[in-house]
Amino acid sequence: MSDPLESLKQLKYQPQPGRWERLASQPPKRRSRPVLIVGGLLAAALVAAGVFVGSRPSISLPTEIVSNGVRRLTALTPKWLELGEGESATVTIADIGTVTVDEGSRVRLKQTGPTQHRLELQRGTLHALVTAPPRLFVVDTPTASAIDLGCAYTLEVTDAGSRLTVTSGLVSLEGKGREVTVLAGMRAMSAPNRRPTTPVSLDASAALVDAIDRFDRVADTTALDAAVLLARPQDAATLWHLLPVAPPAQRAALIAQLTAFVAPPAGWTDAAAADASSPLMQAWWAAIMAFEPQPTPTK
Amino acid sequence: MPIYEASPADLAAARRGDRLAFARLFEGFAPMVHGVLMANGPASEVDDLMQDVFLIALERLSSLDTERVGPWLAAIARNRLIDSFRKQSRLVGLPTEEQGAHDPQRAEANQVLAIIRTMPDTYRETLVLKLVEGMTGKEIAEQTGLTPDSVRVNLHRGLRLLRERLGLDPDGGLDE
């Protein structure tokens, strides 16, 4: 007589090659998201109002503008939308989220479709709340691009450059050959003709922020030494970003300090620090993102 | 079968929200998720529930614990089952609608599974992961977050109880 326990093996999980990849590559399905309802109503209202009728096919996103308390429906298109004093706009980005644009801003739509939604913010402030696959939503500014990796953030653009502040999730800020990943509770900036700055925590000390700024702007190596001394466990992500751009002679001190906060991955070699995309650096980054430092006691 | 070791690159990328990296990662934990669902839920719905678990995890990538991916997925699976039970307002017992009900071997497997589902919580998942998914005690501990000692005890006592309930020699086949 056969062992009945053996029969259980036929209920075993059967892999279906490519199943999860296929599912992951589909746009996320939403469960009763208010944004969908608002988006649908706005789109329907716009069609009813004839916004899309009589003109050649063009890209647009439904947008609600509030002007001194009065609401009106319009569409964000490739033409610049300028918001005056007392005006704000809420753009519904398909089914992935919303963007609120503050008064005094100049914004336009560059692309919208299943593979990417792309806005351009020339000046002013926008607040994005997006739930989407990474890199599906992008905002270009004159100095850098903010690439959504699943998050909520505020982007401000002035003549001095762009400032990205992340409140949830993470955002990539890319420009001039540098890509920095800004985590929730951090900010990074980009100035004209300069690479994005090293991200710093919103609660980092003024001395650390100044040191990072001096290193980013003029490669002041004494500032890098200061940053190593001033960094707290909460600044581990900042130190990680400094590794590939630090002079080789100063990497050892950075690695030692970062190691004191978050252990490097198994098999770590210092040579890996030169390339942020190396598997060892990526593994260390994963550990840093999972790291939850204890709050610094207040005196 | 070797213990599944998630690729650090996929872990990091998934934590950053890379959906395809997470899909690759998930495949390695799929037998464990399947086992957790199979131990507690209706067999005919396990495939749909697995897909739900995958999609829920995708939505929550920012909270992915790279050190404890397995326990994180197992918790999502158990919560999904609770939601499913709430919606159905009942606990599903025997997989009466199983495909292959006319296949004697499959029918026998479903009967044994039904008996496992009547066993205490502490034994159920461990037994299914061992007997259905073919995982070793070490793999079960690695992927569910249980201690190796707990898994060993659960397997020993659970197997003994199961064999008793099946009318088999309780001390036969206790090789784990």
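For the structure itself, consult the block above.
The rules behind each value
- Residues numbered from 1 in each chain as written.
- Chains lettered and ligands numbered in written order.
- Predicted model: local features only at pLDDT ≥ 70, side-chain atom pairs only at ≥ 80, totals over all residues.
- Helix = DSSP H or I, 4+ residues; strand = E, 2+ residues; numbered from the N terminus.
- Buried ≥ 20, exposed ≤ 12 C-beta atoms within 10 Å, placed from the backbone.
- Contact = placed C-beta atoms within 7 Å.
- Nonpolar A, V, L, I, M, F, W, Y, C, P; charged D, E, K, R; others polar.
- Axes fitted to C-alpha atoms, helices over the stretch in contact; angles between N-to-C directions.
- Parallel < 35°, antiparallel > 145°, perpendicular 65-115°, else oblique.
- Left-handed = near helix turned anticlockwise from the far one by under 90°.

Focus: the overall build of chain A
Okay, step 1: Broken down by element type, chain A carries eight helices and 13 strands.
Okay, step 2: Relative to its 299 residues, chain A shows a buried fraction of 38%.
Okay, step 3: A separation threshold of at least 6 residues defines the contact pool for chain A, and within that pool the share at least 24 residues apart is 37%.

Concerning the interface of chain A and chain B
Accessible area lost upon the coming together of the parts is a frequently used measure of interface size.
Okay, step 1: On the chain B side, the residues contacting the 32 residues of chain A number 39 residues.
Okay, step 2: Elements that contribute at least two residues to the side of chain A that touches chain B include exactly α1 (4-7), α2 (19-24), β9 (145-158), β10 (161-175) and α8 (279-290) of chain A.
Okay, step 3: Residue contributions to the side of chain A that touches chain B peak at seven residues, all from α8 of chain A.
Okay, step 4: Of the residues that constitute the side of chain A that touches chain B, the class distribution is 21 nonpolar, seven polar and four charged.

A few points about the packing of helix α2 (residues 19-40) of chain B against helix α3 (residues 46-59) of chain B
Residue and element names in this part refer to chain B.
Okay, step 1: Between α2 and α3, the shortest axis-to-axis distance is 10 Å and the interhelical angle comes to 140 degrees. Classified by the interaxial angle, the pair formed by α2 and α3 is oblique. Between α2 and α3 lies a crossing whose hand is right-handed. Judged by residue contacts, R19, F22, F26, V33, H34, L37 and M38 of α2 engage V46, L49, M50, V53, F54 and L58 from α3.
Okay, step 2: Looking at the contact of α2 with α3, its residues break down into 11 nonpolar, one polar and one charged.

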